[in-house]
Amino acid sequence: MILKTATALLSPSGKGSRLSILIFHRVLAKPDPIFPGEPDARRFDEILSWVGRWFQVLPLDEAASRLSAGTLPARALAITFDDGYADNAQVALPILQRHGMVATFFVATSFLDGGRMWNDTVIEAVRGCSLEKLELADLGFGTYSLASFDERRQAIESLLGQIKYLEPGPRNHAVEAIAGRIGIALPDDLMMTSGQVRQLRQAGMQIGAHTCSHPILASLSDAEAMAEIVNGKDRLEQIIGESVTLFAYPNGKPGRDYLAKHATMAKAAGFAAAVSTAPGVSSLKTDPFQLRRFTPWDRQPLKFGVRMLANLLFSKPHTA
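Residues numbered from 1 in each chain as written. Predicted model: local features only at pLDDT ≥ 70, side-chain atom pairs only at ≥ 80, totals over all residues. Heavy atoms only, no water.

### Here's the deal with the overall build of the chain
Secondary structure summary: the chain contains eleven helices and nine strands in total. Rg of the C-alpha trace for the chain: 20 Å, near the compact-globule value of 20 Å for 320 residues, within the 12% margin. Over its C-alpha atoms, taken along the principal directions, the chain stretches across nearly 60 × 45 × 35 Å. Nonlocal contacts in the chain, meaning residues at least 24 apart in sequence, comprise 72% of its contacts between residues at least 6 apart. For the chain, the exposed area adds up to about 13,700 Å²; of that, 53% sits on carbon and sulfur atoms. Charge separation in the chain, taken as the distance between the mean sites of 34 positive and 32 negative side-chain charges, equals 9 Å. (Helix = DSSP H or I, 4+ residues; strand = E, 2+ residues; numbered from the N terminus. Rg over C-alpha atoms; globule rule 2.2 N^0.38 Å. Contact = heavy atoms within 4.5 Å. Areas by Shrake-Rupley, 256 points an atom, 1.4 Å probe, with all protein chains shown as cover. Lys, Arg positive; Asp, Glu negative; His and termini not counted. Charge placed at Lys NZ, Arg CZ, Asp CG, Glu CD.)

So, in structure tokens, the structure goes:
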């Protein structure tokens with residue numbers, strides 16, 4: 001009751017409203033020993049139970065529209081997922097339905113139907129590597145002990161950090177070299193099928209665009225960036241048979257992963273709103289094409305709730 005009251009005070013209705021948006025990527029069927037912080041089904045169910053007690057959960061399109069109109073209800077919150085993982089449909093959907101909540105799923109279309117994101121190629125290669133020491137020094141990436149789950153996670157985080165901001169060509173070459181060095185079969189069912197995207201929409205969930213190949217938009221030419229934004233939207237509209245009005249910037253850090261011009265592109269492409277990964281909440285003054293998102297990773301309800309309150313209290317405006 002105290003957290004609900006505090007949330008209402010910090011997130012009132014009307015023109016002084018503040019919109020919280022949660023961001024998830026995956027909901028695993030069971031805990032991952034390499035990434036224990038990744039939500040599994042039980043933990044996601046707990047999070048939704050907490051959120052349902054403290055917030056009023058709205059579909060993102062409605063929340064964004066009412067925020068701009070100054071008619072958002074008190075304690076407003078929306079739920080989002082990025083990338084298009086298959087467990088979104090297999091695991092997260094039934095839990096959302098059980099709680100009577102709608103989420104928006106931002107899908108990168110190039111990885112549907114058997115594709116795999118570059119970061120998952122690295123993750124799954126290191127996960128399945130049979131060696132206790134991975135020698136990549138000749139490739140420019142160092143040497144890693146893989147004797148424990150913690151060491152495998154550290155190796156993965158180091159490799160992803162070194163590769164993430166490479167230009168697309170060098171990045172793909174590096175990923176292929178690492179996977180080739182490890183030399184194991186990699187999964188081709190991590191991402192959703194087109195049918196699962198339709199399943200989500202038919203279940204009442206919302207589908208948003210997330211480009212085609214999930215690039216760092218700031219690293220592309222204007223023509224390349226616009227093509228990624230528009231073609232991803234078009235493909236999703238072909239899949240679900242209706243307009244897609246919401247967009248999420250890949251990686252999503254304003255000023256680094258995308259720039260102000262990309263928000264202009266998203267508007268020109270026909271989207272009604274877009275979300276970043278900048279933490280905080282959004283208000284009537286927030287650019288509707290730079291809505292903020294934040295999810296605490298605390299496992300205890302009090303700590304989770306207090307961090308949500310802090311996000312409401314200390315949020316500051318951002319610009320790309």
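### Quick look at helix α6 (residues 149-163)
Between its first and last C-alpha, α6 extends 21 Å over 15 residues, near the 21 Å set by a 1.5 Å rise per residue. Among all positions of α6, only Arg152, Arg153, Ala155, Ile156, Leu159, Leu160 and Ile163 are buried. Mapping the buried residues of α6 onto a view down its axis gives an arc of 160°, with all of them on the same face. Close packing links the buried residues of α6 with α5 (118-128), β6 (143-145) and α7 (168-182). (Expected span 1.5 Å × (residues − 1). Buried < 20%, exposed > 50% of the residue type's maximum accessible area, 1.4 Å probe, protein only. Arc of directions from axis to C-beta.)

### Describing the side chain of Asp120
Within the secondary structure layout, Asp120 lies in helix α5. Here Asp120 occupies a buried position and makes no salt bridge, while the nearest side chain of opposite charge, Arg26, is found at 4.9 Å. (Salt bridge = Lys/Arg side-chain N within 4 Å of Asp/Glu carboxyl O.)

### Observations regarding the side chain of Ser282
Within the secondary structure layout, Ser282 lies in the loop between β9 (273-275) and α11 (301-314). We classify Ser282 as buried; its relative accessible area is 0%. Polar side-chain contacts of Ser282 include one of 3.1 Å to the backbone nitrogen of Arg292. Discounting chain neighbours no more than four positions away, the residues touching Ser282 are Ser17, Arg18, Leu19, Leu67, Leu291 and Arg292. (Polar contact = N/O pair within 3.5 Å; in protein donor to acceptor, adjacent residues only side chain to side chain.)

### Focus: the layout of surface pockets
Considered as a void within the structure, the largest pocket measures approximately 960 Å³ in volume. The set of elements that each furnish at least two residues to the lining of the largest pocket consists of β3 (76-83), α5 and α6. No other element matches the six residues that α5 contributes to the lining of the largest pocket. Across the lining of the largest pocket, the residue classes break down as ten nonpolar, eight polar and 13 charged. (1 Å grid on protein atoms, 1.4 Å probe; cavity = no way out; pocket = protein on both sides within 12 Å on 5 of 7 lines; lining within 4 Å. Points joined across faces, edges and corners; volume = space filled by probe spheres on them. Nonpolar A, V, L, I, M, F, W, Y, C, P; charged D, E, K, R; others polar.)

### Describing the packing of aromatic side chains
All told, the structure shown has nine aromatic pairs when counted by the stated rule. Taken together, a centroid distance of 5.1 Å and an interplanar angle of 35° make the contact between Phe247 and Phe271 tilted. Of the two residues, Phe247 is situated in strand β8 (residues 246-248) and Phe271 in the loop between α10 (260-268) and β9; the sequence distance between them amounts to 24 residues. Taken as a pair, Phe247 and Phe271 share a single burial class, namely buried. Relative to Tyr258, the ring of Tyr249 lies with its centre 3.9 Å away and its plane at 5°, an arrangement referred to as stacked. With relative accessibility at 0%, the residue Tyr258 sits in the buried group. Three or more aromatic residues link up through ring pairs in this structure, and these residues are Phe24, Phe44, Phe81 and Phe105. Directly above the aromatic system of Tyr165 lies the positively charged group of Arg256, at a separation of 3.8 Å from the ring centroid. (Phe/Tyr/Trp six-rings, centres within 6.5 Å; stacked < 30°, edge-to-face > 60°. Lys NZ or Arg CZ within 6 Å of the ring centre and 35° of its normal.)

### Section: the nonpolar core
Judged by nonpolar contacts, the single largest core of 55 residues is most densely connected at Phe44, Ile79, Phe81, Leu96, Phe247, Tyr249 and Phe271. Residues within four places of Tyr249 in sequence aside, it is in contact with His210, Leu217, Tyr258, His262, Ala263, Ala266, Ala274, Val275, Ser276 and Phe289. Within the second largest apolar cluster, 22 residues are counted, among which are Leu146, Ala155, Leu160 and Val175. (Core = buried A, V, L, I, M, F, W, Y, C linked by side-chain atoms within 4.5 Å.)

### Observations concerning the pattern of salt bridges
Two side chains that carry opposite charge are able to pair once their charged atoms sit near each other. In the structure shown here, the tally under the stated rule is twelve salt bridges. With a shortest N-O distance of 3.0 Å, Arg127 and Glu124 are connected by a salt bridge. In this pair, Arg127 and Glu124 are both assigned in helix α5, three residues apart and thus about one turn of the helix distant. Its salt-bridge partner being Asp298, residue Arg307 comes within 2.4 Å of it at the nearest N-O pair. Accessibility expressed as a relative area gives 41% for Arg307, which makes it partly exposed. For Asp298, a relative accessible area of 12% corresponds to the buried category.

### Some thoughts on the environment of Val102
Relative to the helices and strands, Val102 resides in the loop between α4 (86-99) and β4 (103-107). The exposure class assigned to Val102 is partly exposed, which follows from its relative accessible area of 23%. Leave out the neighbours within four places in its chain, and Val102 touches Val57, Leu58, Pro59, Ile79, Gly204, Met205 and Gln206.

### Quick look at the environment of Pro301
Among the structural elements, Pro301 can be located in helix α11. In the structure, Pro301 is positioned 255 residues away from Glu46 in sequence and 8.4 Å away in space, judged by C-alpha atoms. In this view, Pro301 contacts Trp50, Arg53 and Trp54; residues no more than four positions away in its chain are not counted.

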